[in-house]
Amino acid sequence: LQQFALGAAGGYTGRDAHLAFTTHLLECFGWKDGRPEGAEIPRLLAIADGGKHVEREVALWWAERRTLMEVAAHDAVLDFAWKDLVRVCLQLDPIPQYVVLTNQRDLQLYDLARDREAPRLAIRIDDLPRYSEAFPFFTKEWTPGAVPKIVNVEKVSEEVADLVARLYRSVHAEHTGREKDVIRFTLQCITAMFAEDIGLLPKNYFTSLLYNGAKSGDIERRLGELFTQMNTADLPAPRVVPYFNGGLFTDVVTLRLGDTQVRALTKAAEANWTYVDPHIFGSVFQGIMNDAERHASGAHYTAHDDIMRVVGPTIVEPWRKRIQVAASLKELTELRKQLFAFRVLDPACGSGNFLYVAFRELYRLDTELLSRMREFPSTAGKLSWNGGISTVNFYGIDINPFAVELAKVTLNIAKKIAFEERKAQAFALAGQVEMDIDPSLPLDNLDKNIVCADALFMDWPEVDAIVGNPPFLSGTKIRGELGDEYLQRMLEGFPSIEGRTDLCAYWFQRAHDRLSDSGKAGLVGTSGIRVGKTREASLDYIVEHGGTITNAVSSRVWPGESSVDVSMVNWVRGPADGPHPLIVDGETFLVDRIPTHLQLHADASETKDIVANAAGMAEGVSFGHAAFRSGGPKGFSLAPVRGKPFIRPVATGDDLLRGRLGTEPDYCIDLSSCLTEGEAKAAGGEAFDHLREHVYATVKGRADSGKETDHYKSWLRYWWKPHWGREEFFASVKDRSRLLVCPKVSSRSAFAFVSKLFVPTDTMKVFAFDDDYSFGVMQSRLHWEWTKAKGSRVRADIQYTVAVWRTLPWPQDPTDEQVGAVGGASQKLRQVRADLMEQNGWSLRALYQAAEVEGPHPLKDAQTELDEAVTAAYGMPPNQSPTTFLLELNQLVAEDEEQARKVRGPGLPEHLDPNDPRWTSADCIEPPKVEN
Ligand SMILES: C[S@@+](CC[C@H](N)C(=O)[O-])C[C@H]1O[C@@H](n2cnc3c(N)ncnc32)[C@H](O)[C@@H]1O
């Protein structure tokens, strides 16, 4: 496997690369020629794709072992490739259980019986030897049911970070006021614990020291002795503890440890640090340190894949291209020299996770270079395998002193791990044995490279690439969080940046200024860098100052932080030939130019509000108090009041999707037509008493507290009504025959008509139209695309906002026939939905999920018919993107309004008969009947 990893580093190229990769891998598991009986290499599969039957090749299909392998292109992002592959897998019979997906650099193993979304294992090809037991299904000894043995590095790293954090907190509590010493002591222990497991100290040296020290009660002395030896260059031979220093051990710190601390330290030392991934450990640990309340499992860190989305395009890909095109040994030798001199900066480096990954990747590039050089027979036996990638070419800046020290440790560990890997690879090739001088010790002193400073107000070192994840802080919070004085310094230091700009934008600007010509940078920012002032200060600044965006992820939910969306942007100072990959909603699009709003369509932030759309949409009712509703701790009991005129069913977005509206909706007390408290009491009886007990008490308390805004004072005057009853809107729709609604937050377009008996809550948007034409426009793909462009994101879902509605242009000149076609298609779509839900006992959500499979589906057909009808009504040209079309129309309609020309607003065109059955029907979701 070591040799295989080396071979893969050189890259299999050509049409049959995936087959060579597969057979060579299987050879490592003992199969002659890499072609076990029963394994089909490759295998053509007949599958349905987008409604058509197509053939799709995979590298390996081994039906008996239910194992499939796909070897994707070198530059494939595996997370995305998986989305495509899993659809293929689910169409096979039997469905494979183990699926190996690789791009020849990284490899992911999925176990479909356990999880269809997340891989069980995600490793670099170099790590294959360490993880060989994860692939029992490739081995000759395989027996059905053999389970892959997988060390969950992420979990181990998080657990160890948690243990160390507990140690830190415990020691800190014991030695208040000695923060610096506690930090240094903790880092010295971390280094020693890593060291004894990765071969820098004799195996178990540190752990045994703790055991023995605990017995003899002199742990501090022993630790002091160990750290002193680690700090002493010349000790008489034979020395057992090597010289470490690296700055960290210059001041040996030992602290008195109580029983609790000794226990915590011992537990951490007992963990197997071989499986601790420094980049996860570092950032999880930093997270806990910055926010002592945050538990490791809840802490988030930049995952390897996300780091690679900047390190890949900014550092790895350009280098790989250079290595691949180099034709002569001279060129390769020159490249290697340049690679050894390549400098990287992370100007907000935290625990050094980006630097760690960058270091490892440069090392891998060096391995690739060596592989290419070995193609030349004259190099036989002469190549120096010692890695020339040096930590001193890595620079970091962070304002947090603890993070800075941790980053230095992390980089030193990176060096050791890379060396061990390289050594194993070199031994695997006969004759390459000159690597026994381990350069890992003494540790590199990185005090000059990784510095504790404010990156906004210091000179950055000159480097070849800048990567990182600078801090996000919305412009409105900067003053509150960082203070007036700091804000003033920012304004003076960056006169071109106006207020209301996210903090991360300053890093984009500084990074661009620091790049030399053709220099590259890749940063993670909040998705706010795509809009408004923050975009002006970051991406617009870059492009206006000669930069070209070469690779970007438009927006992505930041793992672990539900409220944060991030964008990842890689750029070069100077021109760059396209096409450039732009990733939107997980799909990669190749475009000639990546615009600074990072979208595929025209810039949707430039829309204008359409006056004709000012009314027509509202949010449902916000009760403001749980006592209005049945169920829940403060809810009322339904049985005694069921059937009373003031008890009404409630429509929530979730119940609509879950199909509960027609069977078991929630109910509410609705006394909102009562103008006075007396009237409400007379009408509501015991329900009124229930509200009085709960709602009145709360509202009165809040209104009298003096702390709340005036809302509560005014609510107190009509407290038996919901806080926000949207009475004006509901009065405006009283003559409508039904209510058009959609969930406020949803992952898909799900419009429905509900009976007016329902009270839609604020989890719904309600529209003042009851005709099928309006339903059709709203349920169309055009409108959904518009909702995605203009709405806001809530995790992976979209929130229907006022901005979506106010800016939506409606068809301006539909013919009566076109309106009729939309109406007819709408009626049909709802009929198809109703029939399928009835036949299968599905909810609306289940129905849409069922229709997400490949190939034809009645719901898809009905939706396509509707989309075609709506497209025709709009007069949208074929081949134009809906968003681009609607944007242009938005501008035209807004301009017409400005010029006082007549425009067509939402709803059925006025000249049409609202009772015409072509666009008028009566179906809607009814609440369950109440028996009297
Ligand atoms: C989002 S974190 C990224 C850290 C690390 N790359 C990670 O993914 O965990 C941002 C880092 O910026 C640092 N930082 C905040 N303000 C800074 C400033 N003015 N100068 C330098 N670093 C700063 C923080 O201490 C933090 O470590």
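Calculation rules
Residues numbered from 1 in each chain as written. Predicted model: local features only at pLDDT ≥ 70, side-chain atom pairs only at ≥ 80, totals over all residues. Heavy atoms only, no water. Domains from an automatic or database assignment. Contact = heavy atoms within 4.5 Å. Buried area = accessible area lost by both parts, 1.4 Å probe. Phe/Tyr/Trp six-rings, centres within 6.5 Å; stacked < 30°, edge-to-face > 60°. Buried < 20%, exposed > 50% of the residue type's maximum accessible area, 1.4 Å probe, protein only. Lys NZ or Arg CZ within 6 Å of the ring centre and 35° of its normal. Near = heavy atom within 4 Å. Polar contact = N/O pair within 3.5 Å; in protein donor to acceptor, adjacent residues only side chain to side chain. Areas by Shrake-Rupley, 256 points an atom, 1.4 Å probe, with all protein chains shown as cover. Helix = DSSP H or I, 4+ residues; strand = E, 2+ residues; numbered from the N terminus. 1 Å grid on protein atoms, 1.4 Å probe; cavity = no way out; pocket = protein on both sides within 12 Å on 5 of 7 lines; lining within 4 Å. Points joined across faces, edges and corners; volume = space filled by probe spheres on them. Expected span 1.5 Å × (residues − 1). Bend = angle between axes of the 7 residues up to and from the residue. Salt bridge = Lys/Arg side-chain N within 4 Å of Asp/Glu carboxyl O. Pairing = 2+ DSSP bridges. Axes fitted to C-alpha atoms, helices over the stretch in contact; angles between N-to-C directions. Nonpolar A, V, L, I, M, F, W, Y, C, P; charged D, E, K, R; others polar. Core = buried A, V, L, I, M, F, W, Y, C linked by side-chain atoms within 4.5 Å. Disulfide = S-S within 2.5 Å. Parallel < 35°, antiparallel > 145°, perpendicular 65-115°, else oblique. Left-handed = near helix turned anticlockwise from the far one by under 90°.

1. Here's the deal with the domain arrangement of the chain
Taken as a whole, the chain is organised into domain 1 (2–138), domain 2 (153–298), domain 3 (306–466), domain 4 (606–621 + 741–932) and domain 5 (623–723). Summarising the inter-unit geometry, the C-alpha centres of domain 4 and domain 5 are found 31 Å apart. Across the contact, 21 residues belong to domain 4 and 22 residues belong to domain 5. Regarding the contact of domain 4 and domain 5, the summed buried area is about 1800 Å², with carbon and sulfur atoms giving 69% of it.

2. Things to note about the packing of aromatic side chains
For the coordinates displayed, the defined rule picks out 37 aromatic pairs. Seen in terms of ring centroids, tryptophan 805 and tryptophan 810 are 6.2 Å apart; in terms of plane orientation they differ by 75 degrees. Their pairing is edge-to-face. Both residues of the pair, tryptophan 805 and tryptophan 810, count as buried. Each residue in the set Phe751, Phe767, Phe769, Tyr773, Tyr800, Trp805 and Trp810 is aromatic and connected to the rest through ring pairs, giving one cluster. Above the face of the tryptophan 319 ring, arginine 322 is positioned so that its terminal group lies 4.5 Å from the ring centre.

3. Points about the site of the ligand
Neighbouring the ligand are 18 residues, the closest being Thr302, Asn353, Asp398, Asp454 and Ala455. Asparagine 353 places a side-chain nitrogen or oxygen 2.9 Å from a nitrogen atom of the ligand. Contacts to the ligand include aspartate 398, whose side-chain N or O atom sits 2.7 Å from an oxygen atom. Within the complex, the protein chains bury 83% of what would otherwise be the 590 Å² of accessible surface of the ligand. Breaking the shell around the ligand down by element, the ones donating at least two residues are helix 9 (278–290) and helix 12 (353–374).

4. Overview of empty space enclosed by the protein
Rolled over the atoms, a probe as big as a water molecule pinpoints where empty space is left. Within this structure, the stated rule accounts for seven cavities of 30 Å³ or more. In this structure, the largest cavity encloses a volume near 100 Å³. As for the largest cavity, its lining consists of 13 residues, and the residues nearest its centre are Ala8, Ala9, Asp126, Arg364 and Glu368. Among the secondary structure elements, those contributing two or more residues to the lining of the largest cavity are helix 1 (2–10) and helix 12. Shared between two domains, the lining of the largest cavity holds at least three residues of each, these being domain 1 (2–138) and domain 3 (306–466).

5. A word on helix 17 (residues 532–544)
Here helix 17 contains 13 residues, and its C-alpha end-to-end distance of 15 Å is more than 12% below the 18 Å for a straight helix at 1.5 Å per residue. Of all the bends found along helix 17, the most pronounced is centred on serine 538 and spans about 30 degrees. Along helix 17, the residues classified as buried are Thr534, Arg535, Ala537, Ser538, Leu539, Asp540, Tyr541 and Ile542. Check the buried side of helix 17 and you find it contacts helix 16 (504–514), strand 13 (547–557) and strand 14 (565–573). Once helix 17 finishes, glycine 546 follows within two positions and takes phi at roughly 85 degrees, a positive value.

6. Some thoughts on the pattern of salt bridges
The tally for this structure, following the rule as stated, stands at 55 salt bridges. Between arginine 256 and glutamate 174 there is a salt bridge, and its shortest N-O distance comes to 3.7 Å. Residue arginine 256 is found in the loop between helix 7 (219–230) and helix 8 (259–270), and its partner glutamate 174 is found in helix 4 (residues 153–174); the two are separated by 82 residues along the sequence. Owing to a relative accessible area of 48%, arginine 256 belongs among the partly exposed residues under this scheme. Its relative accessible area of 36% is what places glutamate 174 among the partly exposed residues. The partner of glutamate 727 in a salt bridge is lysine 721, and the shortest N-O contact between them spans 3.7 Å. In the salt-bridge network here, residues are joined through shared partners; they are Arg105, Asp126, Arg320, Glu361, Arg364 and Glu368.

7. A closer look at the sheet that holds strand 15 (residues 580–584)
In spatial order, the strands read 10-9-8-11-12-14-13-15-16; together these nine strands make up an open sheet with mixed pairing. Looking at the sheet topology across the chains shown, the edges are occupied by strand 10 (450–452) and strand 16 (587–591). Taking the axes of each pair of neighbouring strands and ignoring which way they run, one obtains an average angle of 20 degrees across the sheet.

8. Digging into the pairing of strand 11 (residues 465–468)
Side-chain alternation along strand 11 places Ala465 and Val467 on one buried face and Ile466 and Gly468 on a second face that is also buried. Sheet topology places strand 8 (residues 344–346) next to strand 11; two bridges connect them, and they run parallel. Of the residues in strand 11, the one forming a bridge with leucine 345 is isoleucine 466. Here four bridges tie strand 11 to strand 12 (residues 520–526), and the two strands are oriented parallel to one another. Within strand 12, the position partnered with valine 467 by the bridge is glycine 522.

9. Some words on the packing of helix 5 (residues 179–198) against helix 6 (residues 205–216)
The contact between helix 5 and helix 6 brings their axes to 7 Å, and the two run at 115 degrees. Listed contacts from helix 6 to Cys189, Ala192, Met193 and Glu196 of helix 5 are Tyr205, Phe206 and Thr207. Of the residues assigned to the contact of helix 5 with helix 6, the class counts are five nonpolar, one polar and one charged.

10. A closer look at the sheet that holds strand 25 (residues 792–794)
Taken together, three strands build an open sheet; the order of strands is 21-26-25 and the sheet is antiparallel. In the strand order of this sheet, the two ends are held by strand 21 (745–746) and strand 25, each with one partner. Note: strand 25 against strand 26 (residues 797–799), three bridges, orientation antiparallel. In the sheet register, valine 794 faces strand 26, and the bridge partner there is aspartate 797.

11. Points about helix 23 (residues 772–779)
Of all eight residues in helix 23, eight are buried; the element is thus mostly enclosed. Residues of helix 23 that are buried: Asp772, Tyr773, Ser774, Phe775, Gly776, Val777, Met778 and Gln779. The N-cap of helix 23, judged by a side-chain oxygen 3.2 Å from the amide nitrogen of tyrosine 773 a few residues on, is aspartate 771.

12. Things to note about the nonpolar core
Phe206, Leu223, Trp273, Val311 and Ile315 are the most contacted members of the largest nonpolar core, which has 105 residues in total. Domain assignment of the residues forming this core places at least three in each of domain 2 (153–298) and domain 3 (306–466). Filtering out sequence-adjacent residues up to four positions away, leucine 223 remains in contact with Phe185, Phe206, Leu209, Leu210, Thr254, Leu257 and Leu265. Leu739, Ala750, Phe769 and Val819 belong to the second largest nonpolar core, which has 62 residues in total.

13. Remarks on the environment of leucine 523
Locating leucine 523 in the fold gives a position in strand 12. Each C-alpha atom, one on leucine 523 and one on aspartate 234, is 44 Å from the other, the two residues being 289 residues apart in sequence. In this structure leucine 523 touches Val310, Val467, Gly468, Pro470, Trp507, Phe508, Ala511, Ser567, Met568, Val569 and Trp571, once residues within four positions along its chain are discounted.

14. Points about the state of the cysteines
In protein structure, a disulfide is the covalent linkage between the sulfur atoms of two cysteines. One pass over the full model with this rule turns up zero disulfides. Lacking any disulfide linkage, cysteine 504 is separated from the closest cysteine sulfur, that of cysteine 349, by 17 Å. Among the cysteines around cysteine 742, which has no disulfide bond, cysteine 924 carries the closest sulfur, lying 17 Å off.

15. Some remarks on the packing of helix 10 (residues 304–325) against helix 11 (residues 329–340)
Taken N-terminus to C-terminus, the directions of helix 10 and helix 11 make an angle of 160 degrees; their axes are 9 Å apart at the nearest point. One element, helix 10, and the other, helix 11, form an angle in the roughly antiparallel class. In this structure, helix 10 crosses over helix 11, and the sense of that crossing is left-handed. Here helix 10 contributes Trp319, Arg322, Ile323 and Val325 to the contact with helix 11, which in turn contributes Glu331, Leu332, Leu335, Gln338 and Leu339.

16. Looking at unusual backbone geometry
Trans peptide bonds make up most of the peptide bonds, and negative phi angles are found at most residues other than glycine. Note that the residue after aspartate 93, namely proline 94, is joined by a cis bond; omega there is 0 degrees. With respect to the element layout, proline 94 can be found in the loop between helix 3 (78–89) and strand 5 (98–102). Residue leucine 441 is joined to proline 442 through a cis peptide bond whose omega torsion reads -5 degrees. By the element assignment, proline 442 lies in the loop between helix 13 (401–428) and strand 10. Positive phi is not limited to glycine here, since serine 518 has a value of about 70 degrees. Turning to its location among the elements, serine 518 is positioned in the loop between helix 16 and strand 12. Looking at serine 518, the relative accessible area reads 51%, which means it is exposed. Positioned with a positive phi, arginine 726 is a non-glycine residue whose angle comes to about 50 degrees.

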